[in-house]
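Structure assessment
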Amino acid sequence: MTVPVIVAATPAWGVQYLTVERAQGALFPAGTRFVPHPLELDAGQQKAIEQASGQRVRIARPRVWKATRNDQPGGWFFVDEVIGKHEFITYAVAVGTEGVILGIEIMDYRETYGGEIRGADWRKQFAGKRRSDPFKLEVDIRNITGATLSCRNVTNGVKRLLAMHALVLQ
Amino acid sequence: VKLREFRRARPLLGTLVEVCAWGKHDACFAATDAAFSAIARVHALMSAHDAGSDISRLNRSAHERRVRVHPWVGEVLRFALQLNEESGGAFDCGIGSRLEDAGFLPAGTAPGGSAAAAARADTVRIDALNFVRFTRLLCVDLGGIAKGYAVDRAVEALQRSGVAAGLVNAGGDLRVFGLARLPIVARDPSSPGRFARLFRLRTGAVATSAGYYSSARVDGKCVTSIFDPLRQRFLEPDFSVTVTAPSCMVADALTKVAAILGTAAMPLLQRYGAHALWWRRGRICTTWEAACAAAA
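Figured I'd write up the structure that's included with this text. No experiment lies behind these values; they were computed from the predicted model shown.

**Side note on the overall build of chain B**
- When its secondary structure is counted, chain B shows eight helices and 17 strands.
- A compact globule built from 296 residues would reach a C-alpha radius of gyration of about 19 Å, and chain B, at 19 Å, matches this within 12%.
- Burial status across chain B gives 61% buried among its 296 residues.
- Considering only residue pairs separated by 6 or more positions, chain B has 60% of its internal contacts joining residues 24 or more positions apart.
- Surface accessibility of chain B: about 11200 Å² in total, with carbon and sulfur atoms responsible for 50%.
- Separation between the mean location of the 37 positive side-chain charges and that of the 26 negative ones in chain B comes to 4 Å.

Right under this line is the structure:
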């Protein structure tokens, strides 16, 4: 039993996971303090980071916080953004004093897309389904099955941040 | 009572994994931490990309001597062997060298000289203490099942943490508990930027296999990473199949069986309390024949 489906256009959707503060709390032990660490990468530093990581540096002023706990260095906290073919991801990385990654948290995920397909009346085949519920894409989109987006962009972004950490902050 | 929702996402299992919990903030925070730990553990044990994983150790050495694996790896391997038998060979985790040849796995994953060989009860022996022995050179890849298993372990961690409701979505393999019916959305296989609502899920798991975001060129043809061991070829990326089941490991594995066997997979799906939807060329059907007829 089949029914053709039609498409209604909508431009984009997104999910916000964690604020800066929440991401800091998720990646560092309680009681850690964070001080913004303004940084401006000059052309030479940008080139060195690009060579070390194989990734392009698009932002000259990265968002960096220095973490301290009981007046001792506690590592670094970075907020960065990567852009894929259809997706935009803001994420946070925690790096320990030894230069080891303590963790990565996605803060924000946005995706452009080609629209919701409506009128999928084939659902009548299933008992107990209801079609009257208003579909709020920005709320329900977390339930995508088969969404296997690669996280390669994030992995590459982390490589770039680690190179910056090694070359500029250590 | 309206529960607060707590959502996090991390890059794991080669995709973005989202974990949601509903309950008190502190409890949700600890619960999602535990869920991510479980997923990271499955990843470390079962990734063929990682030389230190149990699976890589098996592929390197299990044809020479017995190799002890983590009980979780034992559990997944046993289910894979059982499903191989029940599906008449359609489900096969011994296709690692095929995946490597097509570029789905990094070069050097398969041990030297290992041709594609089926991972069956007679080629993979596993005892009660999780000692594994291959009776021949073999390259096992749990890519078609481990992600679902990771979701199950993460859901278990959430439930143990005592949150009222939870959801884990590992790049489209997802499982929920404790929620009112959750609308499930799938991507159009011929235009993955587009979505359709498929059905509502109260509790249980759903997984989808499709070619978007993971395709390669083999012999000049664009193919999915789903290898059909019966016809010895990769499937074409013009369809998707979505399976619901009580557990995500079962849903994940049965998407491959449904993709390869089509409607012939129905008795097996029924045995596991699973249902399938095939989506091809703009039509969503409950049988593979209908999907093909619509396309003709």
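Alright, that's what it looks like, and here's the rest.
**A short note on the pattern of salt bridges**
- A full pass over the atoms with the stated rule returns 21 salt bridges over all chains.
- For B:Asp127, the salt bridge is made with B:Arg66, and the minimal N-O distance between the two is 4.0 Å. Taken together, the residues span a long stretch of sequence, with B:Asp127 in the loop between strand 4 (124-126) and strand 5 (131-134) and B:Arg66 in the loop between helix 2 (54-61) and strand 3 (67-68) at a distance of 61 residues.
- Residue class for B:Asp127 comes out partly exposed when judged on its relative accessible area of 29%.
- In this structure, the salt-bridge partner of B:Asp238 is B:Arg280, at a minimum N-O distance of 3.0 Å. Linking B:Asp238 in the loop between strand 14 (233-234) and strand 15 (239-245) with B:Arg280 in strand 16 (residues 275-280), this pair joins segments that are 42 residues apart in sequence.
- Connected via shared salt-bridge partners are A:Glu105, B:Arg8, B:Arg10 and B:Asp33.

**Concerning the nonpolar core**
- If you look at the biggest cluster of nonpolar residues, it comprises 127 residues, and the most contacted ones within it are A:Tyr91, B:Met46, B:Leu142 and B:Leu254.
- Looking at which element gives the most residues to this core, the answer is helix 6 (residues 248-261) of chain B, with ten residues.
- When sequence neighbours within four positions are dropped, the list of residues in contact with B:Met46 reads B:Ser53, B:Ile55, B:Trp72, B:Val73, B:Val76, B:Leu142, B:Ala146 and B:Tyr149.
- Among the nonpolar cores identified, the runner-up in size contains 18 residues, and B:Cys20, B:Ala165, B:Leu167 and B:Leu179 belong to it.

**A look at the sheet that holds strand 3 of chain B**
All names here are of chain B.
- If you walk across this open sheet you meet the three strands as 3-5-4, and the pairing is antiparallel. Edge strands, defined here as strands with exactly one partner in the open sheet, are strand 3 and strand 4.
- Packed on one face of the sheet, helix 3 (residues 71-86) meets strand 4 and strand 5 and runs near 130° to strand 4.

**Topic: the pairing of strand 7 (residues 173-177) of chain B**
Residues and elements named next belong to chain B.
- With five of its five residues buried, strand 7 lies for the most part within the structure.
- Burial along strand 7 is two-sided: Asp173, Arg175 and Phe177 facing one way and Leu174 and Val176 facing the other are all buried.
- Sheet analysis places strand 6 (residues 165-170) next to strand 7, joined by five bridges and oriented antiparallel. Each residue of the ladder has a partner; that of Asn169, found in strand 7, is Leu174.
- Between strand 6 and strand 7, which pair antiparallel in sequence order, lie two residues; one of them, Gly171, sits at a positive phi of approximately 55°.
- Pairing between strand 7 and strand 10 (residues 204-210): three bridges, direction antiparallel. What sits directly across from Val176, in strand 10, is Gly204.

**Side note on the pairing of strand 5 of chain B**
All names here are of chain B.
- Relative to strand 5, strand 3 runs antiparallel, the two being bridged by two bridges. Paired with Val67 across the strands is Val132, a residue of strand 5.
- Sheet topology places strand 4 next to strand 5; three bridges connect them, and they run antiparallel. For Ile126, the partnering residue across the bridge sits in strand 5 and is Val132.
- Here strand 4 folds back onto strand 5 in antiparallel fashion, the turn holding four residues, of which Asn130 has a positive phi close to 65°.

Rules behind the numbers
- Residues numbered from 1 in each chain as written.
- Chains lettered and ligands numbered in written order.
- Predicted model: local features only at pLDDT ≥ 70, side-chain atom pairs only at ≥ 80, totals over all residues.
- Heavy atoms only, no water.
- Helix = DSSP H or I, 4+ residues; strand = E, 2+ residues; numbered from the N terminus.
- Rg over C-alpha atoms; globule rule 2.2 N^0.38 Å.
- Buried < 20%, exposed > 50% of the residue type's maximum accessible area, 1.4 Å probe, protein only.
- Contact = heavy atoms within 4.5 Å.
- Areas by Shrake-Rupley, 256 points an atom, 1.4 Å probe, with all protein chains shown as cover.
- Lys, Arg positive; Asp, Glu negative; His and termini not counted.
- Charge placed at Lys NZ, Arg CZ, Asp CG, Glu CD.
- Salt bridge = Lys/Arg side-chain N within 4 Å of Asp/Glu carboxyl O.
- Core = buried A, V, L, I, M, F, W, Y, C linked by side-chain atoms within 4.5 Å.
- Pairing = 2+ DSSP bridges.
- Axes fitted to C-alpha atoms, helices over the stretch in contact; angles between N-to-C directions.

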